[in-house]
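In case you want the letters, here they are:
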2 protein chains.
Amino acid sequence: MTAEGLGLPMAVPATDLPARVTIHEVGARDGLQNEKATVPTPVKAEFIRRLADAGLTTIEATSFVHPKWVPQLADAEQLFPLVSDLPVALPVLVPNQRGLDRALALGAKRVAVFASATESFAKANLNRTVDEALAMFEPVVRRAKDERMQVRGYLSMCFGDPWEGPVPVHQVVRVSKALMDLGCDELSLGDTIGVATPGHVLDLLSELNEEGVPTSAIGVHFHDTYGQALANTLAALQHGVTTIDASAGGLGGCPYAKSATGNLATEDLVWMLRGLGIDTGVDLGRLTATSAWMADQLGRPSPSRTVRALTHKDSDGSKTSENSEDSHKER
Amino acid sequence: MTAEGLGLPMAVPATDLPARVTIHEVGARDGLQNEKATVPTPVKAEFIRRLADAGLTTIEATSFVHPKWVPQLADAEQLFPLVSDLPVALPVLVPNQRGLDRALALGAKRVAVFASATESFAKANLNRTVDEALAMFEPVVRRAKDERMQVRGYLSMCFGDPWEGPVPVHQVVRVSKALMDLGCDELSLGDTIGVATPGHVLDLLSELNEEGVPTSAIGVHFHDTYGQALANTLAALQHGVTTIDASAGGLGGCPYAKSATGNLATEDLVWMLRGLGIDTGVDLGRLTATSAWMADQLGRPSPSRTVRALTHKDSDGSKTSENSEDSHKER
């Protein structure tokens, strides 16, 4: 048997789902930040270019944190100019005013700050309390808005926390509202350790709505540590969420399990969205080829199930995917 | 960071989902049948005993096909008596009257026949047309019902076929109805190559209902080749399906991609169901320990994300899961 007949999923739209979804691609930032290997700057630039060529329109490029904290992204100043001509949105992370200065100097138009829903992770990741971190972001968001930038507010540990266990929804809602009050245009609700399940997702989204945060301002950021990311995404789509974070090839190892995955793989997401008839503009063949290429650069197989299935070698040694989507359609 | 605080998912029930689900565990049959290694009979028996001890109540034990076709399960006669005292349902596969004779002689109480929704797979798997296979099953099902056995009808390639591409819903409905007309008590709709997406699943379930097959007679059997199995399961649950096939540890490699998974992993399913507050009776800690043990027997890591996450070694070398659920709760 070969995969020749697999092609793409049959599109059978489900009722009451969004017609279009924006994939917020985080592989080049969140993915590479959590890979052990440090990737050369030109390889990162080619990765981002290939992602844009595959049809992704929002590609998080890098992070302007202090190189001491994230050495994998210490080349932000060198990388950004190599991709800033691309006709796509290239958000970057900025933890503080110094980071914002660096992003502004390079012409970045979108920035993101990153808060935590739990005190334990705020302490571990930012060495601050939750409220101290919010206070640190306040002038950053204000100035970014003055500069007419679009501002995203990441919120980590929205469902569970490795130190605190399950995270109460009201606690997440409080920090979410604080980020919106600072002036964030969009939230990204992170299930950083991958423990969420669909009912929990729907509960949080409903509570946010009730507290005045509209679904249109909410993105979701699921991790696949326990295999739940795509089911949670389906629940979020059913609620009306139209911004989904994902990482090409599932890049970004989970800190808790070397062999497990971290981020939801963009390819697995695109497969589902195509099957649901939801437009993303992404060419799955090109995207898969990009992730297979990146996996070669990193020297380990992609954890994305779709990438593995579409790029496996047939018994005759031929690969079935390293080409554009058109060639799949012809099969 | 350690996984100490992970524990179990927070239970947040979603509305309109079943209160209880039966997991039809297929690891010992469908899983081992598709593993390269042939597992010694006593190991298989211990696997089934451990699965029962973990709380699974329906454990497919083996297959009474000709050993020439499935050498991995050639020990059916030796295995079944080693587990038949267990207080759980132990369905077995029977392709024909000879297989049914063998199952009856050993006191099996549940059997399953296996049909295909496509001509290509019927030819490849049974060397018959779809209708010739149904004709072969007719006396098998009749006699099994005469013997007061419960009969399951497997249906392969319900969504896509490697030779034929997407499979029309009406084609699946026709064979489903034929299996019900033969006297099957339950269907298992198989996404053998893992290409289904949630809209397609809902479409098939609705069509089956319209054609007189009640949801209560339908089980779903998803493969995780493209990472879609759990999202498809959520859609099936939302439709009211209460029988879900899964394979402990995700056993059963996909024939199309050595490194990809085949069956939905029971642990990933249990994680979601627990999070949704749906009762399964399964102890996730015991089940994970069983799958980790079986992975050791097979000499390769489990493809289940949950098994990997819960059994990874912490930096101090300690494992976080090889113990029962109770110890998780205390953390």
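Per an unreviewed UniProt entry, chain A carries the name Hydroxymethylglutaryl-CoA lyase and comes from Streptomyces acidicola. UniProt's Sequence similarities (unreviewed entry) comment on chain A is quoted here verbatim: "Belongs to the HMG-CoA lyase family."

Draft legend 1. Up close: the overall build of chain A. In terms of regular secondary structure, chain A is built from 13 helices and eleven strands. For chain A, buried positions account for 63% of its 331 residues. When contacts within chain A are restricted to residue pairs at least 6 apart in sequence, long-range pairs at least 24 apart make up 75% of them. When the accessible area of chain A is evaluated, it comes to approximately 11,800 Å², of which 49% is carbon and sulfur surface.

Draft legend 2. Layout of unusual backbone geometry. All names here are of chain A. Located in the positive-phi region is D16, a residue other than glycine, with phi close to 60 degrees. Mapping D16 onto the fold places it in the segment before β1 (22-25). The class of D16 is exposed, set by a relative accessible area of 70%.

Draft legend 3. Here's a closer look at the packing of helix α4 (residues 97-105) of chain B against helix α6 (residues 130-146) of chain B. Residues and elements named next belong to chain B. Where α4 meets α6, the closest approach of the two axes is 9 Å, and the angle between their N-to-C directions is 25 degrees. Between α4 and α6, the crossing angle belongs to the class labelled roughly parallel. Here α4 contributes Q97, L100, D101 and L104 to the contact with α6, which in turn contributes P139, V140, R143 and A144. Grouping the amino acids of the contact of α4 with α6 by side-chain chemistry returns five nonpolar, one polar and two charged.

Draft legend 4. Representation of the sheet that holds strand β9 (residues 186-191) of chain B in the model. All names here are of chain B. Read from one edge of the open sheet, nine strands run β2-β1-β11-β10-β9-β6-β5-β4-β3, paired in parallel fashion. A single partner strand is all that each edge strand has here, and the edge strands are β2 (58-59) and β3 (62-63). As paired strands, strand β6 (residues 150-156) and β9 are joined by four bridges and run parallel to one another. In the strand pairing of β9, L155 is matched with L189. Along the sheet, helix α9 (residues 229-239) makes contact with β9, β10 (218-222) and β11 (243-246), crossing β10 at roughly 165 degrees.

Draft legend 5. Seen up close, the side chain of R102(A). Residue and element names in this part refer to chain A. Along the polypeptide, R102 turns up in helix α4 (residues 97-105). Given a relative accessible area of 10%, R102 falls into the buried group. Within the structure, the side chain of R102 is placed 3.4 Å from the backbone oxygen of F64, a separation counted as a polar contact. In this structure, R102 is in contact with F64, V65, A76 and E77, ignoring residues within four places of it in sequence.

Draft legend 6. Quick look at the sheet that holds strand β3 (residues 62-63) of chain A. All names here are of chain A. With parallel pairing, nine strands are arranged side by side in an open sheet as β2-β1-β11-β10-β9-β6-β5-β4-β3. Pairing within the sheet leaves two strands with one partner each, and these edge strands are β2 (58-59) and β3. Across the face of the sheet, helix α9 (residues 229-239) comes into contact with β9 (186-191), β10 (218-222) and β11 (243-246) while running at roughly 165 degrees to β10.

Draft legend 7. Molecular detail of the environment of F159(B). All names here are of chain B. Secondary-structure assignment places F159 in the loop between β6 and β7 (160-161). Put simply, F159 and G190 are 31 residues apart on the chain and 7.9 Å apart in space, counted from C-alpha to C-alpha. Discounting chain neighbours no more than four positions away, the residues touching F159 are G165, P166, V167, G190, D191, V195, A196, H200, V201, L204 and F222.

Draft legend 8. How the structure looks around the packing of aromatic side chains. In the structure shown here, the tally under the stated rule is six aromatic pairs over all chains. Taking 3.9 Å as the distance between ring centres and 15 degrees as the angle between the ring planes, the aromatic pair formed by Y226(A) and W271(B) counts as stacked. Taken together, the residues span two chains, with Y226(A) in the loop between β10 and α9 and W271(B) in helix α10 (residues 266-275). Residues Y226(A) and W271(B) agree in their burial class; the two are buried. An angle of 55 degrees between the planes, with centres 6.3 Å apart, marks the rings of F114(B) and F137(B) as tilted. On the criterion of sequence distance, the pair formed by F114(B) in strand β5 (residues 110-116) and F137(B) in helix α6 is long-range, its members being 23 residues apart. Of the two residues, F114(B) and F137(B), both sit in the buried class. We note R50(A) situated over the ring of W293(A); from NZ or CZ to the ring centre the distance is 4.3 Å. The lysine or arginine in question, R29(B), covers the ring of Y154(B), its NZ or CZ lying 5.3 Å from the ring centre.

Basis of the calculations
- Residues numbered from 1 in each chain as written.
- Chains lettered and ligands numbered in written order.
- Predicted model: local features only at pLDDT ≥ 70, side-chain atom pairs only at ≥ 80, totals over all residues.
- Heavy atoms only, no water.
- UniProt positions renumbered as here; feature names shortened; annotations may be inferred.
- Helix = DSSP H or I, 4+ residues; strand = E, 2+ residues; numbered from the N terminus.
- Buried < 20%, exposed > 50% of the residue type's maximum accessible area, 1.4 Å probe, protein only.
- Contact = heavy atoms within 4.5 Å.
- Areas by Shrake-Rupley, 256 points an atom, 1.4 Å probe, with all protein chains shown as cover.
- Axes fitted to C-alpha atoms, helices over the stretch in contact; angles between N-to-C directions.
- Parallel < 35°, antiparallel > 145°, perpendicular 65-115°, else oblique.
- Nonpolar A, V, L, I, M, F, W, Y, C, P; charged D, E, K, R; others polar.
- Pairing = 2+ DSSP bridges.
- Polar contact = N/O pair within 3.5 Å; in protein donor to acceptor, adjacent residues only side chain to side chain.
- Phe/Tyr/Trp six-rings, centres within 6.5 Å; stacked < 30°, edge-to-face > 60°.
- Lys NZ or Arg CZ within 6 Å of the ring centre and 35° of its normal.

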